[in-house]
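# Geometric and topological summary
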Amino acid sequence: MRKIGMIAGIVIPLLGLVACGGNPVKQNPLENSKAPAIIVNTARIVNNDGSEEKLYHADVQYARSFKFTPQADGIATKVMIHPGQKVSEGQALIAYPAQNYQLQVEQQQAIYEDMQSKLKKQQTLLDKGFVARQTVEDLELEVKNKAKEIRILEEQYVVKAPFSGTITDVSVTQGDHVAVGTQLFILSETDKLVAEFFASMEEAFRIKEGDDVILELGSLPELKGKVIWKSTIMDDIRKAYRIKAEFNNQQAIAAGGVTANIRMKLAGNTNSIRVPLTAVASVGGKDFIYKSVHGRAVATPVRIVRIVGQQAVIEGNIAPGDEYVSVGVEKISDQSAIKTQNSDL
């Protein structure tokens, strides 16, 4: 009996252990998770037409300028202009005769006066019938031609405005000696500006004549303009294509010779999906965005096609209408509980 009692004493506790160690209840870790929802911002995936705003550095000049440099040495005897002065076509601006110029003029003037004196005598003799009319007419023609020669000689070193415009620079004063090739002044039409900039091959293909552009001049007012020309040959040095744009400058802003920014929108040629760079997370060398599905963050692999400013053009298992985390991806992981605040939806 004592033996049976001892066996029973051992078996009963074992039965208790077996009962306690039976099949355990399976628990869902997500259901039991007590982690609070992480606050994020979300947005919807939308198709983009591929257009993008670009900024270029440009050299700005007046649309038409005349930079005068003398073809002979001389002395600036008359400087009849100053910066900012408006002049008319044909107006005399500067005289810079050579050193022996005055002697040449005086010699030709003496010859002209002598010819005039002879002409008067011949006309008197003609009236009296002592000379033929043809002789007098020949002499009149010689006098006329000599006067023309003197006028050309006098104007040889006088510079006249080739068009109406504004004097934008004067680098000579009266009495200065001037040398061949030395710039004396610049005449410009200031009512139009031309900006020249360079675009990559891919960008140049998307730019066409007539496209709208905006010229940024720092604190000065912006000017609206159009693309007027695009090179069809790549620049060997820049490895880019030269583009020119023109702007109306009715306010006569002094912008000739400055460097400014050109802002324009490049047209797209395909639909694409773009998201802010803040929406892309990199884990283990792979890129993800997080879709928002029933209050959970679902990691979705994507491929970045290219970067456009502060946005990424992406491809992957995504479609227009999908909700994704736009701000706050650094705080979450796959299947994190999320709560949207300040949503972009």
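Residues numbered from 1 in each chain as written. Predicted model: local features only at pLDDT ≥ 70, side-chain atom pairs only at ≥ 80, totals over all residues. Heavy atoms only, no water.

Turning our attention to the overall build of the chain. Counting its regular elements, the chain contains five helices and 22 strands. The long-range share in the chain, meaning contacts at least 24 apart out of those at least 6 apart in sequence, stands at 73%. Just so you have it, the chain exposes about 21700 Å², and 53% of that area is on carbon and sulfur atoms. (Helix = DSSP H or I, 4+ residues; strand = E, 2+ residues; numbered from the N terminus. Contact = heavy atoms within 4.5 Å. Areas by Shrake-Rupley, 256 points an atom, 1.4 Å probe, with all protein chains shown as cover.)

If you check the backbone angles, Lys239 has positive phi at about 55 degrees while not being a glycine. A positive phi angle, close to 75 degrees, is found at Gln335, a residue other than glycine. With respect to the helices and strands, the residue Gln335 is situated in the loop between β21 (323-327) and β22 (338-340).

This part covers the environment of Ile214. Within the secondary structure, Ile214 sits in strand β12 (residues 212-217). Residues Ile214 and Lys224 lie 10 residues apart in sequence; the distance between their C-alpha atoms is 4.7 Å. Non-local contacts of Ile214, meaning those with residues more than four positions away in its chain, are made with Glu222, Leu223, Lys224, Phe247, Asn261, Ile262 and Arg263.

As a further point, take the side chain of Asn249. Along the chain, the position of Asn249 falls in the loop between β14 (241-248) and β15 (258-266). For Asn249, the side chain forms a polar contact with the main-chain nitrogen of Ile253, separated by 2.9 Å. (Polar contact = N/O pair within 3.5 Å; in protein donor to acceptor, adjacent residues only side chain to side chain.)

Attention shifts here to the packing of aromatic side chains. Applying the stated criterion to the full structure yields six aromatic pairs. Here the aromatic rings of Phe66 and Phe68 are separated by 6.2 Å at their centres, their planes lie at 45 degrees, and the arrangement is tilted. On the accessibility criterion, Phe66 (24% relative accessible area) is partly exposed. A network of ring pairs unites the aromatic residues Phe66, Phe68, Tyr96, Tyr157 and Phe185 as a single cluster. One cation-aromatic arrangement involves Lys244 over Trp229; the distance from NZ or CZ to the ring centre is 5.6 Å. (Phe/Tyr/Trp six-rings, centres within 6.5 Å; stacked < 30°, edge-to-face > 60°. Buried < 20%, exposed > 50% of the residue type's maximum accessible area, 1.4 Å probe, protein only. Lys NZ or Arg CZ within 6 Å of the ring centre and 35° of its normal.)

Along the polypeptide, Ser164 turns up in the loop between β8 (158-160) and β9 (165-170). The sequence separation of Ser164 and Glu189 amounts to 25 residues, and the corresponding C-alpha distance is 7.4 Å. Not counting chain neighbours up to four residues away, the residues in contact with Ser164 comprise Val87, Ser88, Glu89 and Glu189. Separated by 3.0 Å, the side chain of Ser164 and the backbone nitrogen of Glu89 make a polar contact.

With that settled, the discussion passes to the sheet that holds β8. Overall, antiparallel pairing links the three strands, which are arranged β5-β7-β8 in an open sheet. In this open sheet, the two strands that pair with only one neighbour each are β5 (78-79) and β8. (Pairing = 2+ DSSP bridges.)

This part is about the nonpolar core. Membership of the largest hydrophobic core comes to 23 residues, with the highest contact counts inside it found for Leu215, Phe247 and Ile262. Counting only elements with at least two residues in this core, the list comes to β3 (52-68), β11 (185-199), β12, β13 (220-230), β14 and β15. Ranked by size, the runner-up nonpolar core spans 19 residues in total, among them Val79, Phe163, Ile167 and Leu184. (Core = buried A, V, L, I, M, F, W, Y, C linked by side-chain atoms within 4.5 Å.)

Where charged atoms of side chains with opposite charge meet at close range, the side chains can pair. Using the criterion set out here, one finds 15 salt bridges in the structure. Measuring nitrogen to oxygen at the nearest pair gives 3.4 Å for the salt bridge that ties Glu222 to Arg263. Here the residue Glu222 occupies a position in strand β13, and Arg263 occupies one in strand β15, the gap between them amounting to 41 residues. Between Arg303 and Glu315 there is a salt bridge; the shortest N-O distance is 2.7 Å. (Salt bridge = Lys/Arg side-chain N within 4 Å of Asp/Glu carboxyl O.)

Take the pairing of strand β16 (residues 272-276) next. A large share of β16 lies buried, amounting to four of its five residues. By the bridge criterion, two bridges tie strand β2 (residues 47-48) to β16 in an arrangement that is antiparallel. Looking at β16, one finds that Asn47 is bridged to Ile273. Pairing between β16 and strand β20 (residues 311-316): four bridges, direction antiparallel. Bridge pairing in β20 places Ile273 opposite Ile314.

In this section: the confidence of the model for the chain. Looking at the chain, pLDDT values average 84 and 85% of them are 70 or higher. By mean pLDDT, the top-scoring element of the chain is β14 (97), and the lowest-scoring one is helix α1 (residues 2-20) (42). Below a pLDDT of 50 lies the segment residues 1-32, which in the model reaches three contacts outside its immediate sequence neighbourhood of four places, other chains included. (pLDDT = per-residue confidence, 0-100.)

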